[in-house]
Amino acid sequence: GGKSAVAAGKSTFERKCASCHGVSGDGQTMTGSRFKYANLIDGEWRGDGSLASIEHQIRKGHDPMPKFEGKLTDEEIRETAAYVLELAHRKDKK
């Protein structure tokens, strides 16, 4: 189900993504703060902000972000994208 995928995605995100994107996804890190799109929770996307778009971004990368194809499994990429989407929409629920 959706919940376990998001939980798995969170763990991958914290291991592989948080060093640039920040644990909360706000991009306020040494590297991330230099790039507008490192902030994953401000509603500004490089693509259209859809699950497929986020998955594509993780898989293929987009300079300066490295691609994770071959570093993460397809399942990990899907889960991480699900988590990013969840993170992005969390602030809408308050």
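Our subject is the structure listed above.
Residues numbered from 1 in each chain as written. Predicted model: local features only at pLDDT ≥ 70, side-chain atom pairs only at ≥ 80, totals over all residues. Heavy atoms only, no water.

A.B. asks: Got a minute to help me understand the nonpolar core in this structure?
C.D. replies: Of all hydrophobic cores here, the largest spans 17 residues; its most connected members are Phe13, Ile54, Ile58, Phe68, Leu72, Tyr83 and Val84. Ranked by residue count, the leading element in this core is helix H4 (residues 74–90), at 7 residues. Those residues in contact with valine 84, other than ones at most four positions away along the chain, are Phe13, Leu40, Trp45 and Ile54. (Core = buried A, V, L, I, M, F, W, Y, C linked by side-chain atoms within 4.5 Å. Buried < 20%, exposed > 50% of the residue type's maximum accessible area, 1.4 Å probe, protein only. Helix = DSSP H or I, 4+ residues; strand = E, 2+ residues; numbered from the N terminus. Contact = heavy atoms within 4.5 Å.)

A.B. asks: What should I look at first to understand the side chain of arginine 59 in this one?
C.D. replies: Following the sequence through the fold, arginine 59 ends up in helix H3 (residues 51–60). Since its relative accessible area comes to 18%, arginine 59 is described here as buried. Setting aside residues up to four positions removed in sequence, arginine 59 forms contacts with Lys67, Phe68, Glu69, Asp74 and Ile77.

A.B. asks: Explain the packing of H3 against H4 here, please?
C.D. replies: Any two packed helices are characterised by the angle at which their axes cross and by the distance between the axes. Look at H3 against H4: their axes get within 9 Å of each other, and the N-to-C directions meet at 125°. It follows from the interaxial angle that H3 and H4 lie oblique. Relative to H4, the crossing made by H3 is right-handed. When H3 is examined against H4, the residues Leu51, Ile54, Glu55, Ile58 and Arg59 are found in contact with a partner set consisting of Asp74, Ile77, Arg78, Thr80, Ala81, Ala82, Val84 and Leu85. Here the residues of the contact of H3 with H4 sort into 8 nonpolar, 1 polar and 4 charged. (Axes fitted to C-alpha atoms, helices over the stretch in contact; angles between N-to-C directions. Parallel < 35°, antiparallel > 145°, perpendicular 65-115°, else oblique. Left-handed = near helix turned anticlockwise from the far one by under 90°. Nonpolar A, V, L, I, M, F, W, Y, C, P; charged D, E, K, R; others polar.)

A.B. asks: Just checking my understanding: could you explain unusual backbone geometry for this structure?
C.D. replies: Generally, phi is negative for residues other than glycine and the peptide bonds are trans, each holding for most cases. Between aspartate 63 and the following residue, proline 64, the backbone shows a cis peptide bond with an omega angle of 10°. Along the chain, the position of proline 64 falls in the loop between H3 and H4.

A.B. asks: Explain the pattern of salt bridges to me, please; I cannot follow it from the model alone.
C.D. replies: Where side chains of opposite charge bring their charged atoms close, a pairing between them can arise. Taken as a whole and judged by the stated rule, the model has 6 salt bridges. In this structure, the salt-bridge partner of lysine 10 is glutamate 14, at a minimum N-O distance of 2.8 Å. With lysine 10 and glutamate 14 both in helix H1 (residues 2–16) and 4 residues apart, the pair spans about one turn of that helix. Judged by its relative accessible area of 34%, lysine 10 falls in the partly exposed class. Notably, a salt bridge pairs glutamate 55 with arginine 59, separated by 3.9 Å at the nearest N-O pair. Separated by 4 residues within a single helix, glutamate 55 and arginine 59 lie in helix H3, roughly one turn from each other. As far as burial versus exposure is concerned, glutamate 55 and arginine 59 are alike and both buried. Via salt bridges that share partners, Glu55, Arg59 and Asp74 belong to a single interconnected network. (Salt bridge = Lys/Arg side-chain N within 4 Å of Asp/Glu carboxyl O.)

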